[in-house]
Amino acid sequence: MKMLTVALLSAIAGPAWAQSHAHAHTDAAPAAAPAAVDHSKMDHSKMDHSTMDHSTMDHAAMGHGTAPVAPREPIPEVTDADRAAAFPPINHDAMEHAPNVHSLLLINRLEHWDGQHGTGQAWEASGWVGSNINRLWVRSEGERSGGRTESSDLEVLYGRSVSPWWDVLVGVKQDFRPADSRTWAAFGIQGLAPYKFETSATAYVGEGGQLAATMEVEYELLLTNRLILQPLVEATLAARDEPEHGMGAGLNKVEAGLRLRYEFSRRFAPYIGVSHERLFGDTADYHQAAGEHTRDTRWVAGVRVWF
């Protein structure tokens, strides 16, 4: 009996529920159209564009739009007057060109020294005239002590640039002191070695077949833009003994100096420093036999100028 009652109630309620469900779907409002997207307010940095298929998107519907083909204000056409103002005629005769011939005179050392065995003066100078490739060089150095010139020489050399930093030199050297005047043929190279070491090496062939060489290395250490510390090492060598010139075979002399200069301008710089000289081998013996000293430490003060 219970089962029969349940079956009857189900049969009566089924159509009513179906009708009510159908009316609910019929009376419901249609789905609203998607609202337009304002891309100016979207945070694109948080979107994963790698997973988006841009080829299937309607960018026009997104409001991106397209750039106008023509400018809003038309660009005026270029006239002959505009061209004349942009490219005025040039008077090449009125232009100043750099001269083909340059020159420089550098007095690297002009100093007074006070050593363990006396006082004196010394100089070292060089100059050139010519182009960037070919130059005529003049070099001179010497020393005075006790009111007389102990040594002096003059070199005249032809120099040719073989690289941006190096010159090859060939010419003659004339010794005026010590002993009698003497002429040498000179061959050398000078320039800026790696790490900015100023280097000069010259070989000499003298009268009677004597061979000699001089090597010099300088370096400039900028403590400030104007305060510069300059160490220097110079060495001289000879191939054979010449007692009359006080010259022995092998290493003759080494000079090491340290000078601190202040550049009031690039052209004028006073300096102070210290220098040490020492003779070696037979050269030391010849000078010692003549009553001269074989080593000396000197305080120096001088000026460096160039023109």
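Look above for the structure.
Turning to the environment of Asp-114, a few remarks are in order. Along the chain, the position of Asp-114 falls in strand S1 (residues 102-115). Counting along the chain gives 182 residues from Asp-114 to Asp-296, while the straight-line C-alpha distance between them is 9.9 Å. The residues contacting Asp-114, other than those within four sequence positions of it, are Thr-119, Thr-297, Arg-298 and Trp-299.

For the structure on display, the rule yields five aromatic pairs. Their ring planes at 35° and their centres at 4.8 Å tell us that Phe-197 and Tyr-219 sit as a pair that is tilted. Within this pair, whereas Phe-197 is found in strand S7 (residues 197-206), its partner Tyr-219 is found in the loop between strand S8 (211-218) and strand S9 (221-222), the two being separated by 22 residues in sequence. What makes Tyr-219 partly exposed here is its relative accessible area of 27%. Relative to Phe-268, the ring of Phe-264 lies with its centre 6.3 Å away and its plane at 35°, an arrangement referred to as tilted. Ring-pair connections join several aromatic residues into one group, and the members of that group are Tyr-262, Phe-264 and Phe-268. Above the ring of Trp-128, the side-chain terminus of Arg-135 is found at 3.6 Å from the ring centroid. A cation over a ring is seen here: Arg-298 above Trp-113, with NZ or CZ 3.6 Å from the ring centre.

Reading guide: rules and limits
- Per chain, the residues get numbers from 1 upward, laid out in the order the sequence is written.
- Note on the predicted model: pLDDT of at least 70 is required for a residue's local features to be given, and 80 or more for side-chain atom pairs to be given and counted; whole-chain, interface and lining totals, by contrast, use all residues.
- The side-chain quantities take in all heavy atoms of the structure and omit both hydrogens and water.
- Put simply, DSSP H or I for four residues or longer makes a helix, DSSP E for two residues or longer makes a strand, and each gets a number counted from the N terminus.
- The contact criterion used is simple: two residues touch if any of their non-hydrogen atoms lie within 4.5 Å.
- Classification of ring pairs rests on two measures: the distance between centres of Phe, Tyr or Trp rings, Trp counted by its six-membered ring, which must be within 6.5 Å, and the angle between planes, read as stacked under 30 degrees, edge-to-face over 60 and tilted in between.
- Note on classification: 1.4 Å probe, protein chains only; a residue is buried when its accessible area is under 20% of the maximum for its type, exposed when over 50%, partly exposed between these limits.
- Remark: a charge is flagged as sitting over a ring if the NZ atom of Lys or the CZ atom of Arg is within 6 Å of the ring centre and within 35 degrees of the ring normal.

On their own, these measurements won't tell you what the molecule is for.
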